[in-house]
Amino acid sequence: MSDIGDWFKSIPFITRYWFAGSIIVPLIGKLGLISPVNLVLWPDNFLYKFQIWRPISSTLYFPVGPGTGFLYLVNLYFLYQYSSRLETGAFDGRPADYMFMLLFNWICIVVSFWLLKLSKAMLLMIPLIMSVLYVWAQLNRDMVVSFWFGTRFKACYLPWVILGFNYIIGGSIVNELIGNLVGHLYFFLMYKYPMDLGGRVLLSTPQFLYRFFPSRRGGVSGFGAPPPSRRPAGNEQDAARGGFRHNWGQGHRLGDE
């Protein structure tokens, strides 16, 4: 048990509690301690009955069962792997900026579901995970990653490969597609538009987040650093070579063996 505890403590702070919540809340629903009906996001209940916990619970909850268990575990793995990489790589020492990215993506996902009226009952876990994975893939777009059966490709294609993979095992691409589009929106507004196209800075982390999540280890607060994927930091490269033995989405820099 001490090994599990040490491993859990080694997970970056924000990812650690997101990961833990994504295990605890589905387990609560599975055991019937709280009815799953009260965990998903029903727009009418949220807007008119002031059940304000639903946007949060629907981000952590996933209906685990014989037909969905594998999809849940795969996406839980993606959460752990790519959120950890972002938090210790591009956002190293800047937890407020990483939290702002999660909040921005989360709000955009909620709004997207409501505008498109895709479903009355909303589950937001997979879209948020996919949005994080998409940002990581764009910041490390030239890294070569490996997937099942030894397939190898650049990281920029990984979100779309996973979209197809989740469609095969889950039968839907709506959640993954929304996650990818939201991740692209964040990446475009935060990096592509101001840095590559010379546009205005449209996104910036609110100051109150810095009070709750102060910068540390010399990390630079706020916007202004170029995407480290275009010049990956050492810990990103180390993380790419490490990870689970499955080696899903892991890889090495182009040209390394």
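Residues numbered from 1 in each chain as written. Predicted model: local features only at pLDDT ≥ 70, side-chain atom pairs only at ≥ 80, totals over all residues. Heavy atoms only, no water.

(A) Looking closely at the overall build of the protein chain. Secondary structure summary: the protein chain contains 11 helices and 3 strands in total. Shown N-terminal to C-terminal, the secondary structure of the protein chain runs as helices and strands in the order α-α-α-α-α-α-α-β-β-α-α-α-α-β. Out of the 257 residues belonging to the protein chain, those deemed buried represent 49%. When contacts within the protein chain are restricted to residue pairs at least 6 apart in sequence, those whose partners lie at least 24 apart make up 69%. Carbon and sulfur atoms make up 65% of the accessible area of the protein chain, which totals about 13,000 Å². (Helix = DSSP H or I, 4+ residues; strand = E, 2+ residues; numbered from the N terminus. Buried < 20%, exposed > 50% of the residue type's maximum accessible area, 1.4 Å probe, protein only. Contact = heavy atoms within 4.5 Å. Areas by Shrake-Rupley, 256 points an atom, 1.4 Å probe, with all protein chains shown as cover.)

(B) A nonpolar patch on the surface, seen in detail. A cluster of nonpolar side chains, contributed by Leu-27, Leu-31, Leu-33 and Ile-34, occupies part of the molecular surface with about 410 Å² of accessible area. As for its placement among the helices and strands, Leu-31 is situated in helix α2 (residues 13–31). Overall, Leu-31 belongs to the exposed group, its relative accessible area being 56%. (Patch = residues over 30% accessible without salt bridge, like charges linked within 9 Å, V, L, I, M, F, W, Y side chains within 5 Å. Salt bridge = Lys/Arg side-chain N within 4 Å of Asp/Glu carboxyl O.)

(C) Spotlight on the UniProt feature "transmembrane region" (unreviewed entry) in the protein chain. In the numbering used here, UniProt assigns the "transmembrane region" (unreviewed entry) feature to residues 17–39, 60–78, 98–116, 121–137 and 157–189. Secondary structure content for residues 17–39 is 65% helix and 0% strand, and the end C-alpha separation is 18 Å. The distance separating the terminal C-alpha atoms of residues 98–116 is 27 Å; by composition the span is 100% helix and 0% strand. (UniProt positions renumbered as here; feature names shortened; annotations may be inferred.)

(D) Highlighting helix α8 (residues 158–170). With 13 residues, α8 extends 17 Å from end C-alpha to end C-alpha; this agrees with the ideal 18 Å at 1.5 Å per step. Looking at the buried positions of α8, the neighbouring elements they touch are α5 (69–88), α7 (125–139), β1 (144–146), β2 (152–154) and α9 (174–196). Once α8 ends, the next one or two residues include Gly-171, with phi positive near 80 degrees. (Expected span 1.5 Å × (residues − 1).)

(E) Fine view of the pattern of salt bridges. According to the stated counting rule, one finds 2 salt bridges in the structure shown. In this structure, Asp-97 engages Arg-94 in a salt bridge whose closest nitrogen and oxygen atoms are separated by 2.8 Å. Pair check on accessibility: Asp-97 and Arg-94 agree, each one buried. Notably, a salt bridge pairs Asp-142 with Lys-154, separated by 3.8 Å at the nearest N-O pair. Of this pair, Asp-142 sits in the loop between α7 and β1 while Lys-154 sits in strand β2, and the two are 12 residues apart along the sequence. When its relative accessible area of 46% is taken as the criterion, Asp-142 is described as partly exposed.

(F) Local environment of the side chain of Arg-16. Position of Arg-16 among the secondary structure elements: in helix α2. Glu-87 provides the closest opposite charge to the buried, unpaired Arg-16, separated from it by 7.5 Å. Polar contacts involving the side chain of Arg-16 include one to the main-chain carbonyl oxygen of Lys-9, which spans 3.2 Å. Arg-16 has contacts with Phe-8, Lys-9 and Ile-11, leaving out every residue within four places of it along the chain. (Lys, Arg positive; Asp, Glu negative; His and termini not counted. Polar contact = N/O pair within 3.5 Å; in protein donor to acceptor, adjacent residues only side chain to side chain.)

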